[in-house]
Amino acid sequence: MTGHQYWNPKNETLSRDELHQLQLAKLKRLVAYSTERSAFHRGKIDEAGVTADSLTSIDDLQKIPFTTRDEWMESQERSPMFGDLLARPREDAIRYHLTSGTSGRNPLRVLDSRRDWQWISECWAYGFWAAGVRPTDTVFFAFSYGSFIGFWGAHYCCERMGSLVIPSGNMTTDMRVRQIADMKVSTVCATPTYALRLAQAASEQGIDLVTSAVDKVIVSGEPAGSIPETKALIERQWGAKCFDTAGMTELGTICMFECSHQPGGMHIIEDHYIEEVIDPTTGNPADYGERGERVVTSFGRGMIPVLRYKTRDLVVKVPHHRCSCGRTFDVYEGGIQGRVDDMLLIRGTNVYPRAIESIVRSFPTIDEFQILVETINNVDELTVRVEMKPETGVTFSDIERELVEDLKEHHEMLRMNVAQAETGSLPRFELKAKRVVDQRSTKA
Ligand SMILES: [Zn+2]
């Protein structure tokens, strides 16, 4: 792929010094713009005594206060509907979206202008091009096209590249699988969980995805896209390469993508963002290789400037040379490794749902699973409930012992229970799987 490997060959291969200069110039513009136009940011930046001129190196970013989701929410409640983050009048917007609110909280509301949408699709284009999507591709979006921003920007990125787009908001899972086969789709976009659900539906209908035209599955929306075992399962079931991307509604688009070299993580789009990693407790910067919370400053969204937003995502940043593709963008090893708030404290041991998923997915005969946490006789008990694939002929008792041992071994010998769930009894997810059910009386 010489010469055509990068969407933005110049910016994707800048030296680190040049990249930092570009980031500094953009940061100064962002600070000037935000203090002039957004009451929310003006208050915080003024209070910190920062001006655009006072920023002389990229490290000066740390003088700017963090932004939290709670502050954003308070701002919306103080001045409905959108709060005082907005840097442009509502009339400049052409679309309204809101966060999916899976955790039962109030949603955050966002507006984007025409120019914002161009930028949103530009960021997606870095990722789609890196995964090998070209104008000759037929791209299927297994996506609802609803109020959740999800793949909307990816749709526009494909239009912009000239790929043929097939939307499927109104289709059932079975209809989607038939369309993918009939239309000779080459690229499928879905959440990792739903990519597996589509593969299951295909096998039930006797459609062989491995010999189909699909050679790329691009996933987003859940951390699972970078869990090696889940990814390997998707690749095996689809006979295609699986590429992860990650973004969030608060930022409008993706901030990172996996390139065709699949380095075991995602490149950060560093000419459009500054991504910091901090210790979630102290707020101090984490070094390369240390797990911490990602904090994002975004340069592209005109309606909603974002400065040092604490995402609650857990990541580990490693230098760009971890990947051999030639991009100078640093890499988040293992993608989004979970959420700061997802960590479960079980009898004194930290348990991450992601770690459980990677073990469960190494058992190909398990179909779906759920993590149930309860208090029994004043003790926290964690049970992994699994649904077997009946067609494999392997029963729960065949794998029970090995599963228990694997879970224990990866969690400092913490005992976990396993139980069989009836076929089809566990919830299936199209968006943002929610597999942890925490019924404890006190959540430590
Ligand atoms: Zn790469």
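Our structure is the block above this text.
Figured I'd write up the structure that's included with this text. (Residues numbered from 1 in each chain as written. Predicted model: local features only at pLDDT ≥ 70, side-chain atom pairs only at ≥ 80, totals over all residues.)

## A look at the sheet that holds strand E13 (residues 331-333)
For step 1, the next point in the chain: One open sheet holds the 11 strands; their spatial order is E4-E3-E5-E6-E7-E8-E9-E13-E12-E11-E10, and the pairing between them is mixed. Only two strands of the sheet have a single partner each, and these edge strands are strand E4 (164-167) and strand E10 (273-278). Here the average twist between neighbouring strands, direction ignored, is 30°.
For step 2, the next point in the chain: Pairing between strand E9 (residues 265-268) and E13: 3 bridges, direction antiparallel. (Pairing = 2+ DSSP bridges. Helix = DSSP H or I, 4+ residues; strand = E, 2+ residues; numbered from the N terminus. Axes fitted to C-alpha atoms, helices over the stretch in contact; angles between N-to-C directions.)

## Details of the sheet that holds strand E17 (residues 379-388)
For step 1, the next point in the chain: The sheet built from 4 strands is open, its strands ordered E18-E17-E16-E19 with mixed pairing. On the outer flanks of this sheet lie strand E18 (417-420) and strand E19 (436-438), each paired with one strand and no other. On average, adjacent strands in this sheet sit at an angle of 25° to one another, irrespective of strand direction.
For step 2, the next point in the chain: With 3 bridges joining them, strand E16 (residues 366-376) and E19 adopt parallel strand pairing. From the neighbouring strand, isoleucine 371 faces E19, where its bridge partner is valine 436.
For step 3, the next point in the chain: In the packing of helix H10 (residues 353-360) onto the sheet, contacts are made with E16, E17 and E19, and the angle to E16 comes to roughly 140°.
For step 4, the next point in the chain: Of the strands in this sheet, E17 and E18 touch helix H11 (residues 396-409), which is tilted by about 155° from E18. (Contact = placed C-beta atoms within 7 Å.)

## Quick word on the packing of helix H8 (residues 192-204) against helix H9 (residues 228-238)
Packed helix pairs are specified by the crossing angle of their axes together with the interaxial distance, meaning the distance between the axes.
For step 1, the next point in the chain: It is the contact of H8 with H9, at a shortest axis distance of 10 Å, that shows an interaxial angle of 30°. Taken together, the axes of H8 and H9 lie roughly parallel to each other. Pair H8 / H9 crosses with left-handed handedness. For the pair formed by H8 and H9, the contact residues are Pro192, Ala195, Leu196 and Ala199 on the first element and Thr230, Leu233, Ile234, Gln237 and Trp238 on the second. (Parallel < 35°, antiparallel > 145°, perpendicular 65-115°, else oblique. Left-handed = near helix turned anticlockwise from the far one by under 90°.)

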